[in-house]
Every structure is written in C-alpha cells, then in structure tokens.
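Observations on the three-dimensional arrangement
The residues making up each chain are set out below.
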Amino acid sequence: MPHPVAPLPRHRLASAPADVRRISSQSLLEGARELVIQHQGGEYHLRLTRNDKLILTK
C-alpha cells in the first residue's frame, strides 16, 4: 500500500519538477520525533520540533 503524500502549497508546485519523489513526513517518522538518515558514511538527524517544524542536522 502506498504511503499518503500531502499536497504541496500552490506556491511550491510550479517550482518542483513532476518527477521528484514525494513522501510525507508522517510516513518517514512513523510516529517518532526523530529519524536518522545514513548518507555517505555520515548520519543526519531529521527532528520534528514542538512547533511541528522539521530540522535536519549532521
């Protein structure tokens, strides 16, 4: 079953190519507040703040 994808705001639709893969933050985090992304031997932390903002740090 595909993960739900939230629509982008209208002002962002024109600048995003149609072939870019989109996935909702809810699908990525699966109820957690932090996700570790491994990239080229390093780890990046995607965090959901108390204000429902996303922060990506190394």
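Just above, that's the structure.
By convention here, each chain's residues receive numbers from 1 onward along its written sequence. Per-residue local features of the predicted model are confined to residues with pLDDT of at least 70, and side-chain atom pairs are confined, for both listing and counting, to 80 or more; whole-chain, interface and lining totals are unaffected and use all residues. The side-chain values count all of the structure's non-hydrogen atoms but skip hydrogen atoms and water molecules.

Here the focus is the overall build of the chain. Along its length, the chain carries two helices and three strands. Under the DSSP-based scheme used, a helix requires at least four consecutive residues in state H or I and a strand at least two consecutive residues in state E, with every element numbered from the N terminus. Reading the secondary structure of the chain in the N-to-C direction produces α-α-β-β-β. Each residue is assigned to one of three classes by its accessible area relative to the maximum for its type, calculated with a 1.4 Å probe on protein chains only: buried under 20%, partly exposed between the two thresholds, exposed over 50%. With 58 residues in all, the chain has 12% of them scored as buried. Restricting to contacts in the chain with at least 6 residues of sequence separation, those with at least 24 account for 6%. Surface exposure of the chain reaches about 5400 Å², of which carbon and sulfur atoms provide 54%. Pairs of residues are marked as contacts when any of their non-hydrogen atoms sit within 4.5 Å. In this description, accessible areas are obtained by the Shrake-Rupley approach with a 1.4 Å probe, and a residue is regarded as covered only by the protein chains that are shown.

Glancing now at the sheet that holds strand β1 (residues 34–39). Here three strands make up an open sheet; going across it, the order is β1-β2-β3 and the pairing antiparallel. The outermost strands of the open sheet, each flanked by one partner alone, are β1 and β3 (54–57). Across this sheet, the average inter-strand angle for adjacent strands is 20°, counted without regard to direction. Taken together, the four bridges between strand β2 (residues 42–48) and β3 define a ladder with antiparallel strand orientation. Strand pairing is defined by DSSP finding a minimum of two bridges between the two strands. Axis lines are fitted to C-alpha atoms, over the contacting stretch for helices. Their N-to-C directions set the angle, which ranges from 0 to 180 degrees.

With that out of the way, let us pick up the pattern of salt bridges. In what follows, salt bridge is the name for a side-chain nitrogen of Lys or Arg lying within 4 Å of a carboxyl oxygen of Asp or Glu. Evaluated as defined, the whole model comprises one salt bridge. With a closest N to O distance of 3.5 Å, Glu-34 and Arg-47 form a salt bridge. With Glu-34 in strand β1 and Arg-47 in strand β2, the pair connects residues that are 13 residues apart, well separated along the chain. Classification of Arg-47 as partly exposed rests on a relative accessible area of 32%.

By the element assignment, Ser-27 lies in helix α2 (residues 25–29). In this structure Ser-27 comes out as buried when scored by relative accessible area, which is 10%. Two N or O atoms count as a polar contact when they lie within 3.5 Å, although within protein this holds only if one can serve as hydrogen donor and the other as acceptor, and sequence-adjacent residues are included solely when both atoms are side-chain atoms. Polar side-chain contacts of Ser-27 include one of 2.9 Å to the side chain of Ser-24.

Turning next to the pairing of β2. In this structure, β1 lies alongside β2, joined through six bridges in antiparallel fashion. Pairing of Leu-35 across the sheet is with Leu-46, part of β2. The hairpin turn running from β1 into β2, its antiparallel successor, is two residues long, and Gln-40 in that turn takes a positive phi close to 50°.

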